[in-house]
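Working through the structure, step by step
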Amino acid sequence: MSTVGLPSPRLRAQLSPARRATLQRRIRWIVAATIAYNVVEAVIALSAGTVASSAALVGFGLDSIVEVLSAAAVAWQFSSPDPHRRERVALRVIALSFFGLAAFVSVDAARSLLGFAEVQHSTVGIVLAAVSVVIMPAFSLFERRTGKELGSASAVADSKQTLICSYLSAAVLIGLVLNSTLGWAWADGVAALVIAGFAVREGVEAWRGDACKRPVSSLTSENADTCDCC
């Protein structure tokens, strides 16, 4: 995850205490809303996937659980009076969430492509995926903007997690629609593998702390602006 676009430590220091408190409170509200939505999404997707014998929907529900874990890591970080002290741990949890997401999606896609699981028609699944395609990008954009202003690498990383989940929602939606209309059961599997690749990349960057391959501690050092990014 790149620190390009994040404020330097000096700029973060210029935030007034009132503004910083407002941004931290906003982050807590964003992650709370994200967690609540994804819990509901997971329950509906897993239920609908079981009824329709849809591996794609079951994978979608498992992905929602991974998203809850990522958002919970940020919520835990910002429950501290000094959130930056918990940045490293939160980033590691988010990175593991990315890897978990990639693993779930890859297994689900492989099962579908190899013919071990067949995506069935599910009206509930199509509606759920369509709603997520609209809601998740809005959550991601709001958290990303807030995280950048606050200078929080973990909040920006979590916003990427949310955005990838919206891509997955779109892939599931396309796959379910194509399967229902054209009988292309392989469509969502191919799209899911592409998304899994993005998830692995973002997980690696979150684990490293930034795209410059520096530790997360560098975000709080005075040399943070001197990164020679590619």
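Just so it is clear, the model here is predicted, and its values are computed rather than measured.

Considerations on the overall build of the protein chain
- Helix and strand counts for the protein chain stand at 7 helices and 0 strands.
- Walking the protein chain from its N terminus toward its C terminus, one meets helices and strands in the order α-α-α-α-α-α-α.
- For the protein chain, buried positions account for 48% of its 230 residues.
- In the protein chain, 78% of the contacts between residues at least 6 apart in sequence involve partners at least 24 apart.
- Carbon and sulfur atoms provide 68% of the accessible area of the protein chain, an area that totals close to 10400 Å².

Section: the environment of Arg 92
- Within the element layout of this structure, Arg 92 appears in helix α4 (residues 87-113).
- Take Arg 92: its relative accessible area is 27%, and that puts it in the partly exposed class.
- For the pair Arg 92 and Ala 206, spaced 114 residues apart in sequence, the C-alpha to C-alpha distance is 6.9 Å.

Observations regarding the environment of Ala 73
- Locating Ala 73 in the fold gives a position in helix α3 (residues 55-77).
- On the basis of relative accessible area, Ala 73 is assigned to the buried category, the value being 6%.
- For Ala 73 and Asp 158, which are 85 residues apart along the polypeptide, the C-alpha to C-alpha distance reads 8.8 Å.
- In contact with Ala 73, other than residues within four places in its own chain, are Ala 90, Val 93 and Ile 94.

Focus: helix α5 (residues 123-150)
- The first and last C-alpha atoms of α5 sit 41 Å apart over 28 residues, in line with the 40 Å expected at 1.5 Å per residue.
- Turning to α5, its buried residues are Gly 125, Ile 126, Leu 128, Ala 129, Ser 132, Met 136, Ser 140, Glu 143, Thr 146, Gly 147 and Leu 150.
- Just downstream of α5 lies Gly 151, where phi reads positive at about 80°.

With respect to the pattern of salt bridges
- With the rule as written, the count across this model stands at 2 salt bridges.
- Across the salt bridge formed by Glu 149 and Arg 19, the nearest N and O atoms sit 2.8 Å from each other. With a gap of 130 residues between them, Glu 149 in helix α5 and Arg 19 in helix α2 (residues 17-51) connect regions that are remote in the sequence.
- Its salt-bridge partner being Asp 82, residue Arg 85 comes within 2.9 Å of it at the nearest N-O pair.

Topic: the confidence of the model for the protein chain
- Chain-level statistics for the protein chain give a pLDDT mean of 77 and a share of 83% at 70 or above.
- Element-level pLDDT for the protein chain is lowest in helix α1 (residues 9-13), with a mean of 49, against a maximum mean of 90 in α5.
- Low pLDDT (under 50) marks residues 211-230, which in the prediction has 37 contacts with non-local residues, meaning those over four places away or in another chain.

Overview of the packing of aromatic side chains
- Applying the stated criterion across every chain, the model contains 1 aromatic pair.
- Aromatic pair Tyr 37 and Phe 139: ring centres 6.4 Å apart, planes at 85°, arrangement edge-to-face. Here the residue Tyr 37 occupies a position in helix α2, and Phe 139 occupies one in helix α5, the gap between them amounting to 102 residues.
- Geometry around Trp 207 places Arg 92 over its ring, the cationic atom sitting 4.2 Å from the centre.

Some points on the environment of Ile 27
- Along the chain, the position of Ile 27 falls in helix α2.
- When its relative accessible area of 0% is taken as the criterion, Ile 27 is described as buried.
- When neighbours within four sequence positions are excluded, Ile 27 is seen to be in contact with Val 74, Phe 78, Glu 143, Thr 146, Gly 147, Leu 150 and Ala 155.

Focus: the packing of α5 against helix α6 (residues 153-182)
- Between α5 and α6, the least distance of the axes is 8 Å, while the angle of their chain directions is 160°. In terms of their interaxial angle, α5 and α6 are classed as roughly antiparallel. With respect to the hand of their crossing, α5 and α6 are arranged in left-handed fashion.
- Class assignment of the residues belonging to the contact of α5 with α6 gives a composition of 15 nonpolar, 9 polar and 5 charged.

With respect to the nonpolar core
- Within the largest apolar cluster, 42 residues are counted, with the highest numbers of intra-cluster contacts made by Ile 27, Phe 60, Leu 101 and Val 172.
- For this core, the secondary-structure elements that each account for two or more residues are α2, α3, α4, α5, α6 and α7 (187-208).
- With 10 residues, α6 is the largest single contributor of residues to this core.

About the cut-offs
Residues numbered from 1 in each chain as written. Predicted model: local features only at pLDDT ≥ 70, side-chain atom pairs only at ≥ 80, totals over all residues. Heavy atoms only, no water. Helix = DSSP H or I, 4+ residues; strand = E, 2+ residues; numbered from the N terminus. Buried < 20%, exposed > 50% of the residue type's maximum accessible area, 1.4 Å probe, protein only. Contact = heavy atoms within 4.5 Å. Areas by Shrake-Rupley, 256 points an atom, 1.4 Å probe, with all protein chains shown as cover. Expected span 1.5 Å × (residues − 1). Salt bridge = Lys/Arg side-chain N within 4 Å of Asp/Glu carboxyl O. pLDDT = per-residue confidence, 0-100. Phe/Tyr/Trp six-rings, centres within 6.5 Å; stacked < 30°, edge-to-face > 60°. Lys NZ or Arg CZ within 6 Å of the ring centre and 35° of its normal. Axes fitted to C-alpha atoms, helices over the stretch in contact; angles between N-to-C directions. Parallel < 35°, antiparallel > 145°, perpendicular 65-115°, else oblique. Left-handed = near helix turned anticlockwise from the far one by under 90°. Nonpolar A, V, L, I, M, F, W, Y, C, P; charged D, E, K, R; others polar. Core = buried A, V, L, I, M, F, W, Y, C linked by side-chain atoms within 4.5 Å.

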